[in-house]
Amino acid sequence: MTRLGLYTTIIFWLAMAMLPLVVRPWDLVMFSQLLIYGIAAMSLALIWGQGGLLCFGQALFFGVGAYVMALTGKGLIPGIAASAWLGLGLATLSGALVALLAGFALFFGQALRGPYFGIVTIAAAVIVERFATNWRYIGGYNGLLDIEPLSFALIWPGLDSAEPLAGYLTALLAAFAVFLLLNALVRSPFGTVLRGLRADEQRVASLGYSVGLWKTIAFCIGGGTAALSGALFAVQFSFVSPAVIGFAMSTEILIWAAVGGKEVLLAAMAGAAVVKYFEAVLSDAIGHYYLLVIGIIFIVVVVALPRGLLGRLFELPRPQRLRADGISGHTQKHRERADAAAPMEPRQPAPGKQEDGT
Amino acid sequence: MLLEISDLSKRFGGIRALRGVDLTLGGGEVKCIIGPNGCGKSTLFNILTGVLRPDEGKVIFDGQRIDGLAAHKISRLGIGRKFQVPGILSELTVLENIEVASTARATLGGLWSTLFSGGDGSVYRRHLMDADLWKYADQPASELPHGIKQRLEILMLVARGSRLLLLDEPTAGMTASETNATIQLINEINAETGAAILVIEHDMSFVRSIGRPVAAMIRGRIVREGDYDDIQADPEVRSAYLGERA
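As a starting point, this report considers the structure included with it. (Residues numbered from 1 in each chain as written. Chains lettered and ligands numbered in written order. Predicted model: local features only at pLDDT ≥ 70, side-chain atom pairs only at ≥ 80, totals over all residues. Heavy atoms only, no water.)

1. Digging into the state of the cysteines
According to the stated counting rule, one finds zero disulfides over all chains in the structure shown. In this model Cys 220 of chain A remains outside any disulfide bridge; the closest cysteine sulfur is found in Cys 55 of chain A, 13 Å from its own. Among the cysteines around Cys 39 of chain B, which has no disulfide bond, Cys 32 of chain B carries the closest sulfur, lying 13 Å off. (Disulfide = S-S within 2.5 Å.)

Following this line, the structure appears as structure tokens:
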């Protein structure tokens, strides 16, 4: 197995960290946006690329995050103090909660699979967008303006995330933290089971997993992550409108993940940057026709390159325990212990230990 | 008795797939169920694994009634099933496949603990080596030869720690030498882990080679139990299964 992905991943993050040294403040603002979109792309890469849940409504969570952030920052949620930092936490939690409820509705009982699941998520995104457009309290069609930035007054008096460098470092830190967390998740046995669900749900259920619960939890983590990126988006732009919660935004997130490579977190993240960059270049060159070109690129990638443009570039080596050469090295010491514990005996499950209680 | 099935019936509309099946299996026992297509073998397995609920009758596994329980709960009690079509996770590598199974054993399907524990890899490495699968360890399961896929699936049940293995036509589509290797694997697993194994087959040569007790199933009922020679000599079995007149 090649180590290419390890080097490219390290180079990617180092380059992102060095960026403020070489680009102008105005460009830094653009790069922070790309990082924030990248977080949303990673959230979809988790549930779609790993769990196989093709969700057309990822902007639902992104939008919930953005609106909760905006409303909390402005002190518009009754009983909750106006605070941008509190808003960031609340936004993430709200996204996770919405995903949790949606997950229970979608994955239990008459569980929806494949295209049916996708169709319901499209409908949900469209409905919520209409809803946001018509709800005056949250700004209706015009959205909400002048959203509070995140304050860094503790570090430097008067400093906040509206300052380009501070804003960029906030986005970078958030993106890196999300990457590390999701990557740890994907590389743990939890991730292996998630990929198992993508391959064959019934088979995984027959091994003893509560499939609905696993999908719901994956959905919940993805929802929280998308909401975090929505919240950062609201702070960065200082503006939210119903467009952030609807179908168009959902499709964009989907395109980023698919073009970059949905099975590799960093590829999906970089996919957001690549697509957004090309959009900017193309719309300068050919005006509104850029959408047509992006659409064609999307179709070509989905058909011809199921792993995306960057999947191979950023694919990390599998964890040691899942590699033939990785295990043989330290087998000997494990083996004695394993033999002592008579591992071939099928173990009787202890009745009290069924943890998820379903 | 590890498994006691009594008077099990299942109806699909007007079709009576099972009409009062009685069958028992002791701990560590290996038994084959033979029968022509449509005799209800797969329906029986679907009930045993919680995919279907029976209309009548009951299934007792290790002293506990399991008919009507959810599939993942039955699996956690220690019943593992090998599907007729290889039920491996095709996009995952051989080691990942084994990890999904061994994690289920180590964590009993609990969510939180799977973040940290995937079961002991060295144990499964030995299983893979014993079954001649090690050279495929890093390959996606979809790229394996057919016989190896079937063996991988059986090994997943072992890694899962199942005490009762239900094998649905484990040698379907196999060459003679692959069939022999599978018989050897079944015997080894039975000897080493003490797991009871119930095999559905309609390949008579498999049933003869494995040399274990046989139950003949015809039109939703067990009509005869005995060894291979008894079954082969039984007129009712011959007429239904081998197409001869009684």
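2. Details of a nonpolar patch on the surface
All names here are of chain A. Residues Ile 286, Tyr 289, Leu 292, Ile 296 and Val 300 make up a contiguous nonpolar surface patch of roughly 510 Å² in combined accessible area. With three residues, the top contributor of residues to the nonpolar patch is helix H12 (residues 290-304). Among the structural elements, Leu 292 can be located in helix H12. (Patch = residues over 30% accessible without salt bridge, like charges linked within 9 Å, V, L, I, M, F, W, Y side chains within 5 Å. Areas by Shrake-Rupley, 256 points an atom, 1.4 Å probe, with all protein chains shown as cover. Salt bridge = Lys/Arg side-chain N within 4 Å of Asp/Glu carboxyl O. Helix = DSSP H or I, 4+ residues; strand = E, 2+ residues; numbered from the N terminus.)

3. A few points about the pairing of strand S8 (residues 196-201) of chain B
Residues and elements named next belong to chain B. Most of S8 is tucked away, with six of its six residues classed as buried. The pairing of strand S3 (residues 30-34) with S8 spans five bridges and is parallel. Within the sheet, the bridge partner assigned to Cys 32 lies in S8 and is Val 199. The sheet contact formed by strand S7 (residues 164-168) and S8 spans five bridges and is parallel. When the bridges of S8 are listed, Asp 168 appears paired with Ile 200. For the handedness criterion, the β-α-β arrangement of S7, helix H6 (residues 176-193) and S8 is classed as right-handed. (Buried < 20%, exposed > 50% of the residue type's maximum accessible area, 1.4 Å probe, protein only. Pairing = 2+ DSSP bridges. Right-handed = clockwise from strand over helix to strand, strands pointing away.)

4. Let's talk about the side chain of Thr 49 of chain B
Residue and element names in this part refer to chain B. By the element assignment, Thr 49 lies in the loop between helix H1 (41-48) and strand S4 (56-61). A polar contact is formed between the side chain of Thr 49 and the backbone oxygen of Asn 46, at a distance of 3.4 Å. What Thr 49 contacts, discounting residues up to four positions off in sequence, is Ala 71, Ile 74, Arg 81 and Leu 166. (Polar contact = N/O pair within 3.5 Å; in protein donor to acceptor, adjacent residues only side chain to side chain. Contact = heavy atoms within 4.5 Å.)

5. A look at the sheet that holds strand S5 (residues 64-65) of chain B
Residue and element names in this part refer to chain B. Reading across the sheet, the four strands line up as S2-S1-S4-S5 and stay open at both edges, with antiparallel pairing between neighbours. Here the strands that pair on one side only, and so sit at the sheet edges, are strand S2 (15-25) and S5. Where strand S1 (residues 3-12) meets S4, five bridges bridge the pair, whose relative direction is antiparallel. Bridge pairing links Ser 6 to Lys 58 in S4. Here H1 sits on the sheet and contacts S1, S2 and S4; the angle it forms with S1, its principal contact strand, is near 115°. (Axes fitted to C-alpha atoms, helices over the stretch in contact; angles between N-to-C directions.)

6. Let's talk about the environment of Gly 211 of chain B
Mapping Gly 211 of chain B onto the fold places it in the loop between helix H7 (204-210) and strand S9 (214-218). Residues Gly 211 of chain B and Leu 69 of chain B, 142 residues apart in the sequence, show an inter-C-alpha distance of 33 Å.

7. Side note on unusual backbone geometry
Residue and element names in this part refer to chain B. Of note, the phi angle at Asp 7 is positive, near 50°, even though the residue is not glycine. Its identity is not glycine, yet Arg 219 carries a phi of approximately 45°, on the positive side. Tracing the backbone through its elements, the reader meets Arg 219 in the loop between S9 and strand S10 (221-226).

Don't take any of this as a statement about function, it's just geometry.
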